[in-house]
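For reference, the chains in residue letters:
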Amino acid sequence: MADDAPACQESTVMHVRCPDRLSEQTYRQVLELLADLSTVVQALPPAAALMELKGVLRYHGAEARRLGEVLRVRTISRLGIDVRVGIGPSITVAATASGQLTGPGGVLAVPPDEVTAWLAALPVEALYGISGREASALRDYGIHSVGSLAAIPPATVQRLLGGRAGRLAVDRARGIDPRPVVPRALPTTASVQHTFDRHTLDGAAVRAALLELVVQLGLLLRGRGQAARVLTLTLRFADGTRWRRTRRLAEASAHEEDLRVTAYRLMDAAGLQRGRLTGLGLTAQDLIDADQVAEQISLDDAREARLVAEAAMDRIRAKFGAGAIGPAAIFRHVC
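Along each chain, numbering runs from 1 in the same order as the chain's sequence is written. For this predicted model, a pLDDT threshold of at least 70 governs which residues receive local features, and a threshold of 80 or more governs which side-chain atom pairs are given and counted, while totals over whole chains, interfaces and linings are taken from all residues. Processing note: side-chain calculations cover all non-hydrogen atoms of the structure and skip hydrogens and water entirely.

K.L.:
What is the right way to read the overall build of the chain from this model?
P.N.:
Within the chain, the regular secondary structure consists of 13 helices and 9 strands. Within the chain, buried positions represent 46% of all 335 residues. Contacts were defined at the residue level, with two residues in contact if any of their heavy atoms lie within 4.5 Å. Within the chain, residue pairs in contact and separated by at least 24 positions form 67% of the contacts whose partners lie at least 6 positions apart. Reported accessibility uses the Shrake-Rupley method at a 1.4 Å probe radius. Residues are deemed covered only where the shown protein chains occlude them. With an accessible surface of roughly 16,600 Å², the chain has 51% of that area assigned to carbon and sulfur atoms. Strands are runs of DSSP state E lasting at least 2 residues, helices are runs of H or I lasting at least 4, and numbering of each runs from the N terminus. Between buried and exposed lies partly exposed: a residue is buried under 20% and exposed over 50% of the maximum accessible area for its type, with that area taken using a 1.4 Å probe on protein chains only.

K.L.:
Could you clarify how one ought to interpret the sheet that holds strand E9 (residues 277–289) in this entry?
P.N.:
Hydrogen bonding along the main chain pairs the strands of a sheet, whether they run parallel or antiparallel. Pairing within the open sheet is antiparallel, and its 4 strands lie in the order E6-E9-E7-E8. Lying at the two open borders of the sheet, with one neighbouring strand each, are strand E6 (190–200) and strand E8 (242–253). This sheet shows a mean twist of 15° between the axes of neighbouring strands, independent of strand direction. The pairing criterion is simple: DSSP has to find at least two bridges between the two strands. In the sheet, strand E7 (residues 226–237) pairs with E8 via 8 bridges, with the strands oriented antiparallel. Counterpart to Thr234 in the pairing with E8 is Arg244. To obtain each axis, a line is fitted to C-alpha atoms, and for helices this fit is confined to the stretch in contact; angles are then taken between N-to-C directions over 0 to 180 degrees. Most of the contacts of helix H10 (residues 203–224) go to E6, to which it runs at about 160°, and overall it touches E6, E7, E8 and E9.

K.L.:
Even after reading the chapter, I still don't get the pairing of strand E4 (residues 84–88), so can you show me in this structure?
P.N.:
A regular strand places its side chains on the two faces of the sheet in alternate fashion. In terms of residue burial, E4 counts as a mostly covered element, since 5 of its 5 residues are buried. Taking every second residue as pointing to the same face, both faces of E4 are buried, with Arg84, Gly86 and Gly88 on one and Val85 and Ile87 on the other. Pairing of strand E1 (residues 13–17) with E4 involves 5 bridges; the strand directions are antiparallel. Residue pairing across strands places His15 opposite Gly86, the latter belonging to E4. As paired elements, E4 and strand E5 (residues 106–109) share 4 bridges and run parallel to each other. Across the sheet, Arg84 pairs through a bridge with Gly106, a residue of E5.

K.L.:
How do you make sense of the packing of helix H1 (residues 24–35) against helix H3 (residues 64–79) when you look at a structure like this?
P.N.:
Each pair of packed helices can be described by the angle between their axes along with the distance between the axes. The interhelical angle for the contact between H1 and H3, taken along N-to-C directions, is 140°, at an axis separation of 10 Å. Relative to H3, H1 is oriented oblique. Considering how the two elements wind past one another, H1 and H3 form a crossing that is right-handed. Counting all contacts with H1, which are made through Thr26, Gln29, Val30, Leu33 and Leu34, the residues of H3 involved are Leu71, Arg74, Thr75, Arg78 and Leu79. Across the contact of H1 with H3, the residue classes break down as 5 nonpolar, 3 polar and 2 charged. Each angle is binned into one of four classes, with values under 35 degrees roughly parallel, values over 145 roughly antiparallel, values of 65 to 115 roughly perpendicular, and all other values oblique. By convention the crossing between two helices is left-handed if the near helix lies anticlockwise of the far one by an angle smaller than a right angle, and right-handed if it lies clockwise. Under the convention adopted here, Pro, Cys and the residues Ala, Val, Leu, Ile, Met, Phe, Trp and Tyr are nonpolar, Asp, Glu, Lys and Arg are charged, and Gly plus all remaining residues are polar.

K.L.:
Before we go on, may I ask you to explain the pattern of salt bridges in this structure?
P.N.:
The working definition used for a salt bridge is a side-chain nitrogen of Lys or Arg within 4 Å of a carboxyl oxygen of Asp or Glu. Tallied over the full model, the rule gives 13 salt bridges. Across the salt bridge formed by Arg317 and Glu256, the nearest N and O atoms sit 3.2 Å from each other. Of this pair, Arg317 sits in helix H12 (residues 301–320) while Glu256 sits in helix H11 (residues 256–270), placing them 61 residues apart in sequence. Using a relative accessible area of 5% as the deciding quantity, one classes Arg317 as buried. In this structure, Glu257 engages Arg306 in a salt bridge whose closest nitrogen and oxygen atoms are separated by 2.7 Å. Of this pair, Glu257 sits in helix H11 while Arg306 sits in helix H12; the two residues are 49 residues apart in sequence, bridging distant segments of the chain. Owing to a relative accessible area of 39%, Arg306 belongs among the partly exposed residues under this scheme. Through salt bridges that share partners, Arg222, Glu256, Glu310, Asp314 and Arg317 make up one connected network.

K.L.:
So what exactly am I meant to see when it comes to the sheet that holds strand E3 (residues 48–52) here?
P.N.:
Taken in spatial order, the 5 strands of this open sheet run E2-E3-E1-E4-E5, and their pairing is mixed. Taken across any chain shown, the strands that pair with only one partner, and hence form the sheet edges, are strand E2 (41–44) and E5. Averaged over all pairs of adjacent strands, the angle between their axes in this sheet comes to 15°, without regard to strand direction. Taken together, the 4 bridges between E2 and E3 define a ladder with antiparallel strand orientation. Across the sheet, Gln42 pairs through a bridge with Leu50, a residue of E3.

K.L.:
In this structure, what is going on with the nonpolar core? I would like to understand it.
P.N.:
Most often, soluble globular proteins keep nonpolar side chains buried together rather than apart. Among buried residues, the Ala, Val, Leu, Ile, Met, Phe, Trp, Tyr and Cys ones that are joined through side-chain atoms within 4.5 Å form a nonpolar core. Membership of the largest hydrophobic core comes to 30 residues, with the highest contact counts inside it found for Leu221, Leu233, Leu235 and Leu280. A total of 8 residues in this core trace back to one element, the largest contributor, which is H10. Core analysis: the second largest hydrophobic core is formed by 28 residues, Leu22, Ala47, Ala49 and Leu71 among them.

Written out as structure tokens, the structure is:
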């Protein structure tokens, strides 16, 4: 790529991608190195992060590419990790750039005036946010490059990928991505708990309580803009003992349906018979940013309807409170 533009036209977003999955401790150390360069760092666990450069270039007296190289030197010398750094005027361009680096590390900066031409030459699957299934659907229709995707009427792409996914794909192929880098630390987990008023053997009451935790956990994750890869269920018994099991979700999710299926499987694995429960807890782990979860194409109309209903219920809860609406089993149990 050409040298960086002058500071007044500088690319402002840096996307840092680690070549391998990191331990939580090491990932936190990478975030600390980013924080030394900018106060606006957004964690994208488990192995990526965003950094806003606007406002810090003059402070450091360096161009964006130079800051990327400084970061590489620091991660190599202090952590033994060579990162891939993409720089561009938006999150999509920066993240797409880091994805084009095939070696263990490197820096690729895309100046603002070269974004359209640079994106157009890429294969459609290289665009950040396009899943493998979406790329296949676009290729089946004859759309093989990002330039082709940018030239297609949005309504056509919406028919292929779905309404929201289609709109976003066309906008980002055209270099349109107004999302800001949002400072976000690394929450390690998200947990919700339920304590029974009295020791219970009632399987229906336990199942209703678990469903209520699923609803609460989904709300918490969606409110944070995160998704979980792993769930852990903890059961507390009257004799003071605890039972704990962990299960990985098929795909990272914050949707109630996906969380419920995994939580119920964990409960079934407990094989409860006569154990008196005093409480239970549900913990989401291995959290990632929701923007990293590809919006998969689905031919399941019932699932799509549930997701639409979930979004509507979230709006109702935001306006009237978390207890304003929810699964019938929860309210039936309360009554």
